[in-house]
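Residue-level structure breakdown
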Amino acid sequence: MLYLSTRGDPGRKHFCEILLEGLAPDGGLYLPEAYPQVDAATLQRWREIHDTRGYAALAFEVLSLYIDDIPADDLRVICEKTYTEAAFGTREIVPLKELEDHFYLEALSNGPTLAFKDMAMQLLGNLFEYELGRRGEQLNILGATSGDTGSAAEYAMRGKKGVRVFMTSPNGRMSPFQQAQMFSLLDDNIHNIAIDGVFDDCQDLVKAVSNDLDFKRRYKIGTVNSINWARLLAQVVYYFAGYFQATRDNAQKVCFTVPSGNFGNVCAGHVARQMGLPIERLVVATNENDVLDEFFRTGVYRVRGSADTHETSSPSMDISKASNFERFVFDLLGRDGARVKALFGDALSRDGRFDLSADPAFRDAAARYGFVSGKSLHADRLATIRDTWKRFALMIDTHTADGVKVAREHLVPGLPMIVLETALPIKFAATIVEALGCEPDRPAKFEGIESLPRRVTVMPAQVQAVKRFIVEKCA
Ligand SMILES: *Cc1c(COP(=O)(O)O)cnc(C)c1O
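Described in the following lines is the structure provided in the data block. Residue positions within a chain follow its written sequence, with the count starting from 1. Reporting in this predicted model follows two pLDDT cut-offs: at least 70 for local features of residues, and 80 or more for side-chain atom pairs to be given and counted; totals over whole chains, interfaces and linings ignore these cut-offs and use all residues. Excluded from the side-chain calculations are hydrogens and water; all other atoms, namely the structure's heavy atoms, are used.

Only protein chains enter the area calculation, which uses a 1.4 Å probe; residues under 20% of their type maximum are buried, those over 50% are exposed, and those in between are partly exposed. Here a helix means four or more residues in a row that DSSP labels H or I, a strand means two or more in a row labelled E, and each is numbered from the N terminus. For helix H7 (residues 148-157), a buried count of nine out of ten residues is recorded, marking the element as mostly surrounded by other parts of the structure. When H7 is considered as a whole, its buried residues turn out to be Asp148, Gly150, Ser151, Ala152, Ala153, Glu154, Tyr155, Ala156 and Met157. Residue contacts are counted whenever heavy atoms from the two residues lie within 4.5 Å of one another. As for H7, its buried residues are in contact with helix H6 (117-135), strand E5 (139-144), strand E6 (163-170), helix H8 (176-183) and strand E7 (190-196). Directly beyond the C-terminal end of H7, a positive phi value near 70° is found at glycine 159.

Encoded structure:
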């Protein structure tokens, strides 16, 4: 299995070569040369493996189709070490909850940080440790977070050999629970940096440090952002696991609804569908930041400026552009790298938009690839959280509420609808209180985390300050 760039570079790479990389050298994203096809016999075998040996065994089957440079026995150990009941709370790892007939939530948020990003990041932590150990190398992960990504990365990398994490976040702007989650990590290899500024300032700092190629090479700076192929690949597995739980046999089709921001999660659904998983529809749910909904409705992809990017009560979907979207457009345009380069490399930086409405391929987004979309606003979230609580005595988080709201608009009669639950309500308590007038439940392992000792360094939004800090900690 070799990987190529969405922008037409002729180079080809193996999995472990792209594992520690971000963008391809031409600025594109990595994708496999072709999606492995899962035939009926294989799908049946995977169903049996899932039902008898569980999620980790299924993960090994999916991953081994895409990874040919880690010996099978090692990859199996990595999967088994990652997807444990101890880390993810249940034997099923991603259990389905049936709300009403044919309408399910797939619980992806019972991992260490209570958001679906753990599903991929926990695997990434073990893959990084394995590969860095094999190479005898070190990596300093530098990131910017507004909440979920940073804590998922830190919990995945804590105590891992060969890895340090430097995570910037906007000082005082994450939810109190998210701050407590991150800042109470005292592991030697985890460094929290609270920047006096907003999330964009943090991202600019990370970019500025990474653009200093000399510094980047010297201090082995890397990232774990959502364009990393390994993260996307890890997420493909739970589409299969959700399907096997919602259906009795492989003749059945299902629909998924995915609360979306950077298009990473739902892009994994697209990959699963391309492999042959019987998915009828992939429903993209956005919040007020509706870049993706606009595209699927109109064919126009228009990135937003920071003044146009709303701060909402589902903050992990507050994006100005959808960084994984290029992967889908590459497939939509028949894998024409030159065209993708013209759109994402040229048109977007020149005009901030491109328009595929007149292109026959745009119709394929729905007809051939099953994509539809919808959006959900603050009032919708409150109403959906209340309704779900009243009718099913179940508290859902704000992002999942966006999914539930949009899913109901796209039901296909007779087909199961699976909404991906992307976080637990405790992470976004203020909105739950607004909706329900009471505090959300807190899993026992997080009792009292607000009063634990904290380790965080507050800094001005200055590149030199961040660099100095990294140099100090690497000494
Ligand atoms: C990151 C995140 C999302 C958005 O996922 P994408 O892969 O960026 O589309 C949705 N909900 C929660 C809770 C998240 O943390």
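Further notes follow.
Turning to the side chain of serine 5, a few remarks are in order. Looking at where serine 5 falls in the secondary structure, it is placed in strand E1 (residues 3-5). We call two N or O atoms a polar contact when they sit within 3.5 Å, provided that within protein one can donate a hydrogen and the other can accept it, with sequence-adjacent residues counted only if both atoms are side-chain atoms. Looking at serine 5, its side chain comes within polar contact range of the main-chain nitrogen of arginine 7, at 3.1 Å. Among the polar contacts made by the side chain of serine 5, one reaches the side chain of aspartate 26 at a distance of 2.6 Å. Residues within four places of serine 5 in sequence aside, it is in contact with Ala24, Asp26, Gly28, Leu29, Tyr30 and Phe330.

Turning our attention to the nonpolar core. What makes a nonpolar core is a set of buried Ala, Val, Leu, Ile, Met, Phe, Trp, Tyr and Cys residues whose side-chain atoms join them at distances within 4.5 Å. Ranked by internal contacts, the top residues of the largest apolar core, which has 117 residues, are Tyr239, Phe240, Phe263 and Phe325. Excluding its chain neighbours within four sequence positions, the residues that come into contact with tyrosine 239 are Phe256, Val258, Asn265, Val266, Ala268, Gly269, Ala272, Leu277, Ile279, Leu282 and Leu420. In this structure, Ile396, Ala401, Met417 and Leu436 belong to the second largest nonpolar core, which totals 23 residues.

Note: two strands are recorded as paired if DSSP finds a minimum of 2 bridges between them. Judged by pairing direction, the sheet is parallel, and its five strands sit side by side in the order E8-E5-E6-E7-E15 without closing on themselves. In this open sheet, the two edge strands, each paired with only one partner strand, are strand E8 (221-222) and strand E15 (457-460). Examined bridge by bridge, E5 and E8 share two bridges and lie parallel to one another. What sits directly across from isoleucine 141, in E8, is glycine 222.

Before going further, it helps to spend a moment on the pattern of salt bridges. Think of a salt bridge as a Lys or Arg side-chain nitrogen and an Asp or Glu carboxyl oxygen that are within 4 Å of each other. Throughout the structure, instances matching the rule amount to 32 salt bridges. Note that arginine 391 and glutamate 100 form a salt bridge whose closest N and O atoms lie 3.1 Å from each other. Residue arginine 391 is found in helix H17 (residues 378-392), and its partner glutamate 100 is found in strand E3 (residues 96-100); the two are separated by 291 residues along the sequence. For arginine 304, the salt bridge identified is with glutamate 294, shortest N-O distance 3.3 Å. Taken together, the residues arginine 304 in the loop between strand E11 (300-302) and helix H14 (325-332) and glutamate 294 in helix H13 (residues 291-298) connect sequence positions ten residues apart. The burial state of arginine 304 is the same as that of glutamate 294; both residues are buried. Residues joined by salt bridges that share partners form a network here, namely Asp290, Glu294, Arg302, Arg304 and Lys375.

Distances are taken per atom, and a residue is near a molecule or strand as soon as one of its heavy atoms is within 4 Å of it. If you check the shell around the ligand, you find 15 residues, and the closest are Lys117, Asp148, Gly261, Asn262 and Asn265. In the model, an oxygen atom of the ligand is placed 2.7 Å from a nitrogen or oxygen of the asparagine 262 main chain. Taking threonine 422, its side chain carries an N or O atom lying 2.9 Å from a nitrogen atom of the ligand. In the complex, 97% of the free accessible area of the ligand, which totals 390 Å², lies under the protein chains. Residue polarity is assigned by list, with Asp, Glu, Lys and Arg as charged and Ala, Val, Leu, Ile, Met, Phe, Trp, Tyr, Cys and Pro as nonpolar; anything else, Gly included, falls into the polar class. Here the shell around the ligand is composed, by residue class, of five nonpolar, eight polar and two charged. Areas reported as accessible are Shrake-Rupley estimates using a 1.4 Å probe. Residue values count occlusion only from the protein chains shown.

A separate point is the sheet that holds strand E4 (residues 103-107). The strand order across the open sheet built from six strands is E3-E4-E14-E9-E10-E13, with neighbouring strands paired in mixed fashion. Pairing within the sheet leaves two strands with one partner each, and these edge strands are E3 and strand E13 (371-375). Direction aside, the axes of adjacent strands within the sheet are offset by 25° on average. As judged from the six bridges shared by strand E9 (residues 254-259) and strand E10 (residues 279-286), these two strands associate in the parallel manner. By the bridge assignment, phenylalanine 256 is partnered in E10 with leucine 282. Axes here refer to lines fitted to C-alpha atoms; in helices the fit is confined to the stretch in contact. Angles between the N-to-C directions go from 0 to 180 degrees. Where helix H12 (residues 264-275) meets the sheet, its contacts fall on E9, E10, E13 and strand E14 (417-421), and the angle it forms with E10 comes to roughly 170°. Contacts between helix H18 (residues 398-408) and the sheet are confined to E3, E4, E9, E10, E13 and E14, with E14 contributing the most and set at about 165° to the helix.

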